[in-house]
Amino acid sequence: MSTMNIEKLRKSFGKTEVLRGIDLAVGDGEFVALVGPSGCGKSTLLRLIAGLEAASSGRLLIGDRDVTALAPKDRDVAMVFQNYALYPHMSVRANMGFSLRLRGVDKRSIEAEVARAASVLGLQDLLDRYPGQLSGGQRQRVATGRAIVRNPKLFLFDEPLSNLDAKLRVQMRTEIKALHQRLRNTMIYVTHDQIEAMTLADRIVVMQGGVIEQEGAPLDLYDRPANAFVGGFLGSPS
Ligand code: ADP
Ligand code: MG
């Protein structure tokens, strides 16, 4: 079964068409890495899926629901942003529970969900801290925790590790892999890092200039790039 279907999705800002007809189906539990050069439309695509931007045309289905016109809170989607976007004046606990509070979930259920997410991510001892008191890796975990408390059908990650140093990036990559194996959630994961895409993803989708250039299993793309662009992108060191 498909968790998500994108059909002929287009997005313009003024006269500039940033997404020029995207078709993509993502299966239940699948981990899809979305790669491509800066400015090709990756973040815009995620923002459209999350409902943070409206599509110019096309359709988006999550499960069997057409969510194209629904508000972000009514889509079964959670997004982890590149800059984490934590609320600096809120504790880790409050940051993680906030989206549930917005949705009117009762206090006890929020506590239970936050505790569950904290234990998955090893954040139990940090719940009373504030974002300013956390390391980069810990902030990344809190941002991820904020997404997983909601048990969404679909997780969107926008370059979640790009602000971390190389060593921590490798460690967090392992954690994200373990998280996916544990939760079996459906992931769309934007990254600049080919190694990350190759090691994490069931399928890699390569975008360029607002279209999907090629998609396939990591090794297939690596062995049989459809063109020089895809080959160059996957073959070059990060
Ligand atoms: P990527 O994430 O692949 O680097 P983006 O989706 O952020 O690319 O951006 C794609 C293009 O859309 C860029 O040229 C960017 O300048 C433009 N863009 C993104 N958001 C807006 C916006 N809100 N208004 C105008 N242009 C935008
Ligand atoms: Mg981006």
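Residues numbered from 1 in each chain as written. Chains lettered and ligands numbered in written order. Predicted model: local features only at pLDDT ≥ 70, side-chain atom pairs only at ≥ 80, totals over all residues.

Where an unreviewed UniProt entry is consulted, the protein chain appears under the name ABC transporter ATP-binding protein, with the organism given as Aureimonas populi.

A. Broad picture of the pairing of strand β2 (residues 16–27). As paired strands, strand β1 (residues 2–13) and β2 are joined by 9 bridges and run antiparallel to one another. Bridge pairing in β2 links Ser2 to Gly27. Counting the residues between successive antiparallel strands, the hairpin from β1 to β2 contains 2 residues, one of them, Gly14, with a positive phi of roughly 60 degrees. (Pairing = 2+ DSSP bridges. Helix = DSSP H or I, 4+ residues; strand = E, 2+ residues; numbered from the N terminus.)

B. Expanded view of the UniProt feature "domain: ABC transporter" (unreviewed entry) in the protein chain. Following the UniProt record, the feature "domain: ABC transporter" (unreviewed entry) maps to residues 4–234 here. With 37% helix and 26% strand, residues 4–234 has its two end C-alpha atoms placed 25 Å apart. (UniProt positions renumbered as here; feature names shortened; annotations may be inferred.)

C. Looking closely at the sheet that holds strand β9 (residues 203–208). In space, the 6 strands of this open sheet follow the order β6-β7-β8-β3-β9-β10, with mixed pairing throughout. Two strands close off the open sheet at either side, each with one partner strand: β6 (77–80) and β10 (211–216). With strand direction ignored, the average angle separating the axes of adjacent strands in the sheet is 20 degrees. Examined bridge by bridge, β9 and β10 share 5 bridges and lie antiparallel to one another. In the sheet register, Val206 faces β10, and the bridge partner there is Gln214. Sheet strands touched by helix α1 (residues 42–50): β3 (31–35), β6, β7 (154–158), β8 (186–190) and β9. Its angle to β7, the strand with the most contacts, is close to 150 degrees. Those strands touched by helix α4 (residues 136–148) are β6 and β7, and its axis lies near 175 degrees from that of β6. (Axes fitted to C-alpha atoms, helices over the stretch in contact; angles between N-to-C directions. Contact = placed C-beta atoms within 7 Å.)

D. Spotlight on the sheet that holds β1. Pairing is antiparallel across the open sheet formed by 4 strands, whose spatial order is β2-β1-β4-β5. Each edge of the open sheet carries a strand with a single partner, namely β2 and β5 (65–66). Alignment of strand β4 (residues 57–62) against β5, held across 2 bridges, turns out to be antiparallel. Pairing of Leu61 across the sheet is with Asp66, part of β5.

E. Structural detail: the pairing of β6. Side chains of β6 alternate between two faces, with Val77 and Met79 and Ala78 and Val80 buried alike. Both β6 and β7 contribute to a ladder of 4 bridges, which runs parallel. Along β7, the bridge assignment pairs Val77 with Leu154. (Buried ≥ 20, exposed ≤ 12 C-beta atoms within 10 Å, placed from the backbone.)

F. Spatial organisation of the nonpolar core. By size, the foremost hydrophobic cluster in this structure holds 61 residues, and its most contacted members are Val32, Ala33, Leu34, Leu156 and Tyr189. At 5 residues, β3 tops the list of elements feeding residues into this core. (Core = buried A, V, L, I, M, F, W, Y, C linked by C-beta atoms within 7 Å.)

G. A look at the environment of Met207. Following the sequence through the fold, Met207 ends up in strand β9. What makes Met207 buried here is the crowd of 23 C-beta atoms within 10 Å. With 170 residues separating them along the chain, Met207 and Pro37 place their C-alpha atoms 7.7 Å apart. If near-sequence neighbours (up to four positions away) are discounted, Met207 is found in contact with Leu34, Gly36, Cys40, Gly41, Lys42, Ile212 and Glu213.

H. Spotlight on the site of ligand 1. The full set of residues close to ligand 1 is Phe13, Val18, Gly36, Ser38, Gly39, Cys40, Gly41, Lys42, Ser43 and Thr44. Counting residues per element, the shell around ligand 1 draws most heavily on α1, at 3 residues. Looking at the shell around ligand 1 residue by residue, the class counts come to 3 nonpolar, 6 polar and 1 charged. (Near = placed C-beta within 6 Å. Nonpolar A, V, L, I, M, F, W, Y, C, P; charged D, E, K, R; others polar.)

I. Summary view of the environment of Arg139. One can find Arg139 in helix α4. With 109 residues separating them along the chain, Arg139 and Glu30 place their C-alpha atoms 25 Å apart.

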